[in-house]
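Here is what each chain is made of, one letter per residue.
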Amino acid sequence: MLDDIRAGNVDAVVAWDLDRLHRRPVELEHFIILADEKGIALATVGGDADLSTDNGRLFARIKGAVARAEVERKSARQKRAGLQRAESGKAWGPRAFGYTEKNDQLIDTESNAVRDAYRAVLAGASLGSIATKWNDAQIATTKGNKWRSAQVRQLLLNPRYAGLRSYNGEIVGSASWPAIVPEDVWRSVNTMLLDPGRRSGATRGRKHLLTGLALCGVCQSPLGSGIAQSTRQTVYRCKACLRLSRNQRYVDEVVVAVVVGRLSQPDAIELAIDEKRENIGELRDRAATLRARLDSIATDFADGELTASQLRTATARIKNQLAQAESEMLSANRARIFDGIIGVSDVAERFAALPLDRRRAIIDALLTVTVMPTGRGHRFDPATVKTEWKSIGGVSSEDPAPRC
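Here the residue index of a chain counts from 1 through its sequence in written order. Since the coordinates come from a predicted model, pLDDT governs what is reported: local features require at least 70, and pairs of side-chain atoms require 80 or more to be given and counted, while whole-chain, interface and lining totals use all residues. Side-chain figures throughout are based on the complete set of non-hydrogen atoms in the structure, without hydrogens or water.

Undergrad: Give a description of the overall build of the protein chain that names residues and reports values.
TA: On a plain count of helices and strands, the protein chain comes out with 14 helices and eleven strands. Using a 1.4 Å probe on the protein chains alone, a residue whose accessible area is under 20% of its type maximum counts as buried, one over 50% counts as exposed, and one in between counts as partly exposed. Expressed as a percentage of the 404 residues in the protein chain, the buried residues total 37%. Counting only contacts in the protein chain whose residues sit at least 6 apart along the sequence, the fraction spanning at least 24 positions is 57%. Note that accessible areas follow from Shrake-Rupley with a 1.4 Å probe, and for residues the cover is restricted to the protein chains shown. On the protein chain, roughly 23500 Å² of surface is accessible, and the fraction owed to carbon and sulfur atoms is 48%. A run of DSSP states H or I qualifies as a helix once it reaches four residues; a run of E qualifies as a strand once it reaches two. Both are numbered from the N-terminal end. Whether two residues are in contact is decided by their heavy atoms, any of which lying within 4.5 Å being enough.

Here is the structure:
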């Protein structure tokens, strides 16, 4: 309307009342100036309003101030009511994914999908892979649409799934509806998703084991991938400096050998230990004592001091105690990353069977991989794939990568 007035297309304005013409006093002042410039006539259902006179403008300003005050009072009432409703834990708004229409009961299919998504993120899965999985399973959003990674992220960040009630972005208490995941799981996922250093990647997820993880030995940029023109084989390539290109399969073999070798060690459980626990030293001593007892009873059995039945009973009891001690030492996040890979008989086979996201997450948790350049025509040398152990577990960063 204002644009039409400025353009000369309007010479009169009719409103229900002055307080419906505008909502803020500043808007009235702009209208008064424009009406004076263009000679606009103003009429209301209750009677004409002459903005060309001082009394008319005074009347309009009083009406506008009263209307503005009412808006602010109404807003304050609504905010107080919303906060009170939030503090009482009551549900509000449209149906949330995973819950029934009243947001008070779980829908098994959707709530199980949400639960699996939290576990997947903690285990290293990408948001894009979760969206793809839900779409393939024909699990739609509450509006019946397909999932995108941004929507999955928004869902996982929502405190409602931990049974928490929020208001204006702040958690104000417990909710009246059932939680889908424990609060510590929700907070762990929040920490991961809100990490500024988190690699987002493409929506559909990475295609290769080390893209975005391995670094260029020339410029330290993350490596991408491509196809070598001469061999038509997949290579890791630095797209920043364009000075490094290495055979993908050979590089992968070196890194996988290093990771599998570490995960196959008897002390691989150390990778998942929470070093910040107050009693970590005490728990470590307890675990070491129990392992020594296992060795001792094995010796006693070999010396004939224990029967096979006594050996089985003692071994089972000590292993249960050891499992409890080790579980108390574990970090929840790291335990999920290494879940199902530590302590298995064939680590290489199990690692190869994991989804790509899980394998990438394990490598990212353990190693910094740097691929060094070589001269043209040189045979692949595994020693040029530098692996440096990160702060959790691992062995000395001086250990060379094994040759394949």
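Undergrad: Tell me about the pattern of salt bridges, and please be specific about residues and values.
TA: One side-chain nitrogen of Lys or Arg within 4 Å of one carboxyl oxygen of Asp or Glu is enough to make a salt bridge. Going through the model one piece at a time under the given rule, you end up with six salt bridges. A salt bridge links Arg6 to Asp3, with the nearest nitrogen and oxygen atoms 3.1 Å apart. You can see Arg6 and its partner Asp3 sitting in helix α1 (residues 2-6), three residues apart, about one turn around the helix. When its relative accessible area of 47% is taken as the criterion, Arg6 is described as partly exposed. Of the residues examined, Asp3 reaches a relative accessible area of 58% and is grouped as exposed. Across the salt bridge formed by Glu253 and Arg249, the nearest N and O atoms sit 3.1 Å from each other. In this pair, Glu253 and Arg249 are both assigned in helix α9 (residues 248-263), four residues apart and thus about one turn of the helix distant. With relative accessibility at 32%, the residue Glu253 sits in the partly exposed group. We classify Arg249 as partly exposed; its relative accessible area is 48%.

Undergrad: How would you sum up the sheet that holds strand β6 (residues 215-216)? Please name residues and give values.
TA: Following DSSP output, two strands are said to pair if at least two bridges run between them. On the basis of which strands lie adjacent, the open sheet formed by three strands has the order β6-β10-β11 and mixed pairing. Each edge of the open sheet carries a strand with a single partner, namely β6 and β11 (385-389). Axes here refer to lines fitted to C-alpha atoms; in helices the fit is confined to the stretch in contact. Angles between the N-to-C directions go from 0 to 180 degrees. Across the sheet, α9 lies against β10 (367-371) and β11, angled at about 30 degrees from β11, the strand it touches most. Packing of helix α14 (residues 356-366) onto the sheet brings it into contact with β10 and β11, and relative to β10 it is tilted by some 90 degrees.

Undergrad: Talk me through unusual backbone geometry; I want residue IDs and the actual numbers.
TA: One non-glycine residue, Asn103, lies in the positive phi region at around 60 degrees. Tracing the backbone through its elements, the reader meets Asn103 in the loop between α4 (54-87) and α5 (108-122). Under the relative-accessibility criterion, Asn103 is labelled buried at 2%.

Undergrad: If you had to explain the sheet that holds strand β9 (residues 245-247) to someone new, which residues and values would you point to?
TA: Across a sheet, paired strands are connected by hydrogen bonds in the backbone, their directions being either parallel or antiparallel. Strand order in the open sheet formed by three strands is β7-β8-β9, and the pairing between neighbours is antiparallel. At either end of the open sheet lies a strand with only one pairing partner, and these are β7 (224-227) and β9. Ignoring which end each strand starts from, the neighbouring axes of this sheet average 40 degrees apart. Bridge analysis of β7 against strand β8 (residues 234-237) gives four bridges, and the strand direction is antiparallel. Pairing of Ser225 across the sheet is with Tyr236, part of β8. Seen against the sheet, α9 touches β8 and β9 and runs at an angle of roughly 70 degrees to β9.

Undergrad: Pulling in residues and values, what's your account of the environment of Pro178?
TA: Assignment of secondary structure puts Pro178 in the loop between β5 (170-174) and α8 (183-193). Between the C-alpha atoms of Pro178 and Leu106, which are 72 residues apart in sequence, the distance is 7.4 Å. Those residues in contact with Pro178, other than ones at most four positions away along the chain, are Tyr99, Asp104 and Leu106.

Undergrad: Residues and numbers for the packing of aromatic side chains, please.
TA: Only Phe, Tyr and Trp rings take part, Trp by its six-membered ring, and two of them pair if their centres are within 6.5 Å. Stacked means planes under 30 degrees apart, edge-to-face means over 60, and tilted covers everything else. Considering all chains together, one arrives at five aromatic pairs under this definition. Their ring planes at 80 degrees and their centres at 4.9 Å tell us that Phe97 and Trp147 sit as a pair that is edge-to-face. Residue Phe97 is located in the loop between α4 and α5, and its partner Trp147 is located in the loop between α6 (127-136) and α7 (149-157); the two are separated by 50 residues in the primary sequence. In this structure, Phe97 and Trp147 share a single accessibility class: buried. With a centroid separation of 5.3 Å and an interplanar angle of 45 degrees, the aromatic rings of Tyr250 and Phe380 are classed as tilted.

Undergrad: Account for a nonpolar patch on the surface, naming residues and giving values.
TA: On the surface, Leu58, Ile62 and Val66 cluster together to form a nonpolar patch covering roughly 280 Å² of accessible area. Summarising the element assignment, Leu58 is placed in helix α4. Residues forming no salt bridge and having over 30% relative accessible area are the ones grouped into patches, like charges within 9 Å of each other and nonpolar side chains (Val, Leu, Ile, Met, Phe, Trp, Tyr) within 5 Å.

Undergrad: Describe the side chain of Arg95, with residues and values.
TA: The topology assignment puts Arg95 in the loop between α4 and α5. Residue classification places Arg95 among the buried residues on the basis of a relative accessible area of 19%. There is a polar contact of 2.6 Å between the side chain of Arg95 and the backbone oxygen of Tyr99. Here a polar contact means two N or O atoms within 3.5 Å. Within protein one must be a hydrogen donor candidate and the other an acceptor candidate, and residues neighboring in sequence count only if both atoms are side-chain atoms. Reaching out from Arg95, the side chain makes a polar contact with the side chain of Glu110 at a distance of 3.0 Å. Setting aside residues no more than four positions away along its own chain, Arg95 makes contact with Thr100, Glu101, Asn103, Ile107, Glu110 and Thr142.

Undergrad: Could you give an account of the packing of α5 against α8, naming the residues involved and the relevant values?
TA: Relative orientation of the contacting elements α5 and α8 amounts to 50 degrees, with a least axis distance of 10 Å. Judged by the angle between their axes, α5 and α8 are oblique. Here the hand of the crossing between α5 and α8 comes out left-handed. Contacts from Tyr118, Val121 and Leu122 of α5 reach α8 at Val185, Trp186, Ser188, Val189, Met192 and Leu193. Amino acid classes used here: Ala, Val, Leu, Ile, Met, Phe, Trp, Tyr, Cys and Pro are nonpolar; Asp, Glu, Lys and Arg are charged; the rest, including Gly, are polar. Class assignment of the residues belonging to the contact of α5 with α8 gives a composition of eight nonpolar, one polar and no charged. Roughly parallel refers to an angle under 35 degrees, roughly antiparallel to one over 145, roughly perpendicular to one between 65 and 115, and oblique to any angle outside these ranges. In this scheme the crossing of two helices becomes right-handed for a clockwise turn of the near helix relative to the far one and left-handed for an anticlockwise turn of less than a right angle.

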